[in-house]
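Chain and residue survey
One letter stands for each residue in the lines below.
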Amino acid sequence: MPRAPWRRRRTSDSPRPAGRRWAGRLRRSGTFARQVLLVRVGRREQLLDGTSALNLSDRYYHDDSGPIDAYGVGRLTAAEIESVVPVSPAIGPSDAVDAAGSAMAIPLLPGERTMARRIKFALVNACTLASLTLGLLAIFQAMHGDVRVAAYCLIACVVFDGLDGALARRMGVASPFGAQMDSLADMCSFGLAAPVVVYASLVGSVSTAAAGVACALVAACAAIRLARFNVSPKDGRFFCGVPTTMAAAVLALAVLIGLPVSGALQVAGVGLLAFAMVSSFPYAKLARLIKLPPWVWLAPVIGALIEPRLTFALLVVGYLASGPLLWLRQRRTA
């Protein structure tokens, strides 16, 4: 005579007692899972006894309290099974969800959607797209060997990148869409075009591997810098790390000026600038630098007229060193 389905042979090493009370829970849970799977997804073939997997009513008998399965467990209703059934992420939303989602679509331009605001919004995004296009043009010029023209295109990218943000705030059309557009354009112009231009300028003075590693480091750090900026709280006084716009401007000006230093020192400077972008040191924003007293700018202006290369190098080194100095000062005052 076959053993009942809830019977379990007791062994000496079993930590739990054998019997129907314990094993029956396992059977009931298995029946519950089997009902969920059969009702939700069904089977492509028939069961061993010839009944269909989707027609479960033939596999149950009834008593006074309701339908009972072969193991003596009450049959679940369709609502109970549907409430716990797993949903695959590959299954798309229903039509009702799609309709609700389309009705709740977030507009690209928040606020009043008048024709004047739409024109302003289009003008701001045109500046962003101009920066992206100039970044692509810089890559094309660097591929053809026109490194100086490519550097000028990078400078124009910096100008348009600063222009779109200023126009958006002044015209009152700043939006999350514009912020994401600006970040993507920055990655193209400053995260990809700038390393390509620098690579074209370094080829011939250093090995190809060294130039490639330094430029790849700039691209990777620019991507990390932009992603961190998008998810970090904004500080109106300082940047957390050197911004990608300023780093690209420094690289483009270095290519245009042509610093009289060795190739190894140029590669080291590119790597230092890349690490400065992903550092946690506070760097002053350009708006704060412009508000400095006029006599502070007198020395750089005179130095640029006398020796522009040395003045540029000193300004870059001083700005990079200002981050660690401000960080030390904040730690002491905290």
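Given the structure is predicted, the values throughout are model-derived calculations rather than measurements.

Let's talk about the packing of aromatic side chains
Overall, the coordinates contain three aromatic pairs when judged by the stated rule. Considering the side-chain rings of Phe-281 and Trp-327, the 5.8 Å spacing of their centres and the 65 degrees angle between planes classify their relative orientation as edge-to-face. One end of the pair, Phe-281, is in the loop between helix 9 (263-277) and strand 4 (282-284); the other, Trp-327, is in helix 12 (residues 308-333), and 46 residues separate them in sequence. Residue Phe-281 is classed as partly exposed on the basis of its relative accessible area, which comes to 27%. Note on Tyr-283 and Tyr-319: the rings are 5.3 Å apart at their centroids and 35 degrees apart in plane angle, and the pair reads as tilted. Pair noted here: Tyr-283 is in strand 4 and Tyr-319 is in helix 12, with a separation of 36 residues, a long-range link. Just as Tyr-283 is buried, Tyr-319 falls in that class too.

Some words on the packing of helix 5 (residues 147-171) against helix 8 (residues 244-257)
Here helix 5 crosses helix 8 at 150 degrees, and the two axes come no closer than 9 Å. Considering their axes alone, helix 5 and helix 8 lie roughly antiparallel with respect to each other. At the point where helix 5 passes helix 8, the crossing takes the left-handed sense. Across the interface between the two elements, Val-147, Arg-148, Ala-151, Tyr-152, Leu-154, Ile-155, Val-158 and Asp-161 from helix 5 touch Thr-245, Ala-249, Ala-252, Leu-253, Val-255 and Leu-256 from helix 8. For the contact of helix 5 with helix 8, the residue count by class is 11 nonpolar, one polar and two charged.

Focus on a nonpolar patch on the surface
Together, Leu-292, Trp-295, Val-296, Trp-297, Leu-298, Val-301, Ile-302, Leu-305 and Ile-306 make up an exposed nonpolar region whose accessible area comes to about 950 Å². Structurally, Trp-295 is set in helix 11 (residues 294-306).

Topic: the confidence of the model for the protein
Mean pLDDT for the protein: 76, with 68% of residues reaching 70 or above. Per-residue pLDDT stays below 50 along residues 35-73; that stretch engages in 49 contacts with residues further than four places along the chain or on separate chains.

A word on the side chain of Arg-225
Locating Arg-225 in the fold gives a position in helix 7 (residues 208-231). Among the polar contacts listed, one links the side chain of Arg-225 to the backbone oxygen of Val-242, at a separation of 3.3 Å. Leaving out residues up to four positions away in the same chain, Arg-225 has contacts with Phe-239, Cys-240, Gly-241, Val-242, Pro-243, Thr-244, Met-277 and Val-278.

Quick look at helix 9
With 15 residues, helix 9 should cover 21 Å at 1.5 Å per step; its first-to-last C-alpha distance of 22 Å lies within 8% of that length. Taken as a whole, helix 9 has its buried residues at Gly-263, Val-267, Val-270, Gly-271, Leu-273, Ala-274, Ala-276 and Met-277. Along its buried surface, helix 9 packs onto helix 6 (176-202), helix 7, strand 3 (238-240), helix 8, strand 4 and helix 12.

Some thoughts on the packing of helix 6 against helix 8
For the pair helix 6 and helix 8, interaxial distance at closest approach is 10 Å and the crossing angle is 25 degrees. By the angle between their axes, helix 6 is roughly parallel relative to helix 8. Both helix 6 and helix 8 take part in a crossing whose hand is left-handed. For the pair helix 6 and helix 8, contact is made by Asp-186, Phe-190, Ala-194, Val-198 and Ser-201 and by Thr-244, Thr-245, Ala-248, Leu-251 and Val-255, respectively. Of the residues contributing to the contact of helix 6 with helix 8, the split by class is six nonpolar, three polar and one charged.

Calculation criteria
- Residues numbered from 1 in each chain as written.
- Predicted model: local features only at pLDDT ≥ 70, side-chain atom pairs only at ≥ 80, totals over all residues.
- Heavy atoms only, no water.
- Phe/Tyr/Trp six-rings, centres within 6.5 Å; stacked < 30°, edge-to-face > 60°.
- Helix = DSSP H or I, 4+ residues; strand = E, 2+ residues; numbered from the N terminus.
- Buried < 20%, exposed > 50% of the residue type's maximum accessible area, 1.4 Å probe, protein only.
- Axes fitted to C-alpha atoms, helices over the stretch in contact; angles between N-to-C directions.
- Parallel < 35°, antiparallel > 145°, perpendicular 65-115°, else oblique.
- Left-handed = near helix turned anticlockwise from the far one by under 90°.
- Contact = heavy atoms within 4.5 Å.
- Nonpolar A, V, L, I, M, F, W, Y, C, P; charged D, E, K, R; others polar.
- Patch = residues over 30% accessible without salt bridge, like charges linked within 9 Å, V, L, I, M, F, W, Y side chains within 5 Å.
- Areas by Shrake-Rupley, 256 points an atom, 1.4 Å probe, with all protein chains shown as cover.
- Salt bridge = Lys/Arg side-chain N within 4 Å of Asp/Glu carboxyl O.
- pLDDT = per-residue confidence, 0-100.
- Polar contact = N/O pair within 3.5 Å; in protein donor to acceptor, adjacent residues only side chain to side chain.
- Expected span 1.5 Å × (residues − 1).

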